[in-house]
Amino acid sequence: MKRRDFLKAVGLGAASLALPRPLAGAEKRRLNVVFILIDDMGWTDAGCYGSTFYDTPHIDRLATQGMRFTDAYAACPVCSPTRASIMAGKYPARLNLTNWLSGHIRKRLIGAPYIGQLPLEEVTLAEAFKEAGYATCFIGKWHLGGEPFYPEHQGFDVNVAGNQSGHPAAGYFSPYRNPQLKDGPKGEYLTDRLTDEALKFLDAARHKPFLLYLSHYAVHTPIQAKKDLTEKYKAKAEGLPPPKGPRYVSEGATQARQVQDHPVYAAMVRSMDESVGRVMVKLEALGIAGRTAVFFMSDNGGYSTTRGGPTSNVPLRAGKGWLYEGGIREPMIVKWPGVTRPGSTCSVPVTSTDFYPTMLQMAGLPLRPEQHVDGVSLAPLLKGGGSLSRKALYWHYPHYSPQGGSPSGAVREGDYKLIESFEDDRVELYNLRDDIGEKHDLAADMPDRAARLRTMLHQWRRAVDARMPRPNPDFNQPKKGAK
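Residues numbered from 1 in each chain as written. Predicted model: local features only at pLDDT ≥ 70, side-chain atom pairs only at ≥ 80, totals over all residues. Heavy atoms only, no water.

With that settled, the discussion passes to the sheet that holds strand S15 (residues 416-421). Ordered by their spatial adjacency, 4 strands build an open sheet running S13-S14-S15-S16, and the pairing between neighbours is antiparallel. Looking at which strands have only one partner, the edges of the open sheet turn out to be strand S13 (393-397) and strand S16 (427-431). If you compare each strand with its neighbour and ignore which way they point, the axes differ by 10° on average. Sheet topology note: the strand S14 (residues 408-413)/S15 ladder contains 6 bridges and is antiparallel. Across the sheet, residue Val411 finds its bridge partner in S15, namely Leu418. In the packing of helix H14 (residues 447-464) onto the sheet, contacts are made with S13, S14, S15 and S16, and the angle to S15 comes to roughly 65°. (Pairing = 2+ DSSP bridges. Helix = DSSP H or I, 4+ residues; strand = E, 2+ residues; numbered from the N terminus. Axes fitted to C-alpha atoms, helices over the stretch in contact; angles between N-to-C directions. Contact = heavy atoms within 4.5 Å.)

Here it is in structure tokens:
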């Protein structure tokens, strides 16, 4: 999209292209928001979260400028529900949008029914900012429904590349075959192109308060990267010492990758990191970095199980599609200039429903408690506070995932997390402070705590009217002793 088209879309006249309108004092002080959402990035896929194979200097630098959250969670282990939770400030179970759109796998159970889009009745985060006079722009992966549920109908002035697709339809190199994104020169890389579009928007909207939602398709499959970066990481992988433990371990009926050494994935991560750096440099160049909050987050855990998953989430267990920590614990960084102490960390458990009220409060806009009912503002934490009033976090995933996960629910209260399997009613209990890898099930050792957390989980499900899976009458139970 050309700069003039951006100006028109965000409400800046053609004259603004030649002579920017001076801002009134109050408008100059309004906080801008940049929200960067990565697809399938694991908790340990950045240097500041422990990776030694992937290079993420720009994400690492962002962490030194803001607050790095160690216990941040996606509301679901797959993408669409988490994305809906960010936009609506509600748990996926309350929205009845509990699976990635078009996902239907039947085994012993038939997954719970769910809607196929973010309803237009929801007052989205973007609509709240637009009503307050902000220019709003969405760039990248949407995956919250086809027409008429696209970003431009959910509060965004500008939509670049956002449609119903959950991955790049034709891969990461132009031509893209994306009706919301004009093809670039042959061989242009999608992550770079989306960043180009973000920089155009920043140029066009810099004289108004704005919300930029940059939602990368990376690092989702297909695993494709630029040749020069791939060669760099091939050489790096060849120079690694042999792994000290197994390359894969069993996880249910699947295998979970334990080592980060995939050259193409590493190159994808590097291009994504370069995107973050380019956005940060642009904010500085425009002179607006000091009044722009920057959020960084992933929509679910790293892809580590089945079909040659390219990354490892160790020390976390499993990955995308599972309610173990590897599937839901995310890298999350927030920079709030002049407020958040640079280089700080926070271990308070937070989740993706919290972005909505947090951004509103940071921007000085009225909260909408009737809308973001499952979100809690993180502003107190960002200002240096040590706790939130919330008692527990909840998850509801009544589906099978392509990555091997099965229908289940979970609750975290303090250091303890309980997972309930819907196939066999089995529960697992873990102390995450002592056992971040969820290797030691305490359910039998602490039956009272397990029972209390299970009761909490059931009460929450009733409160949000969570839908449950049902038995599959066509499922053929393997005969006892059969292999």
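From this point, the discussion proceeds with the structure in view.
Helix H12 (residues 355-362) sits mainly inside the fold: 7 of its 8 residues count as buried. Looking only at H12, the buried set comprises Phe355, Tyr356, Pro357, Thr358, Met359, Leu360 and Met362. Once H12 ends, the next one or two residues include Gly364, with phi positive near 75°. (Buried < 20%, exposed > 50% of the residue type's maximum accessible area, 1.4 Å probe, protein only.)

Looking now at the environment of Tyr303. Inspection of the secondary structure puts Tyr303 in the loop between strand S9 (292-298) and helix H11 (325-328). In this structure Tyr303 comes out as buried when scored by relative accessible area, which is 8%. When the C-alpha positions of Tyr303 and Ala256 are compared, they lie 9.1 Å apart, and in sequence the two are 47 residues distant.

This part covers the packing of helix H4 (residues 57-65) against helix H10 (residues 263-285). Packing of H4 against H10 leaves a shortest axis separation of 7 Å and a crossing angle of 45°. Between H4 and H10, the interaxial angle falls into the category oblique. For the pair H4 and H10, the contacting residues are Pro57, His58, Ile59, Leu62 and Gln65 in the first and Arg270, Met272, Asp273, Glu274, Val276, Gly277 and Met280 in the second. (Parallel < 35°, antiparallel > 145°, perpendicular 65-115°, else oblique.)

Take the pattern of salt bridges next. All told, the structure shown has 35 salt bridges when counted by the stated rule. Note that Lys417 is salt-bridged to Glu325, the shortest N-O span being 2.8 Å. Highlighted residues: Lys417 in strand S15 and Glu325 in helix H11, separated in sequence by 92 residues. The two residues Lys417 and Glu325 agree in class, both being buried. The partner of Arg454 in a salt bridge is Glu420, with the nearest N and O atoms 2.9 Å apart. One end of the pair, Arg454, is in helix H14; the other, Glu420, is in strand S15, with 34 residues separating them in the sequence. Classification of Glu420 as buried rests on a relative accessible area of 3%. Look at the salt bridges and you will find they share partners, linking Asp71, Glu325, Arg329, Arg412, Lys417 and Glu438 into a network. (Salt bridge = Lys/Arg side-chain N within 4 Å of Asp/Glu carboxyl O.)

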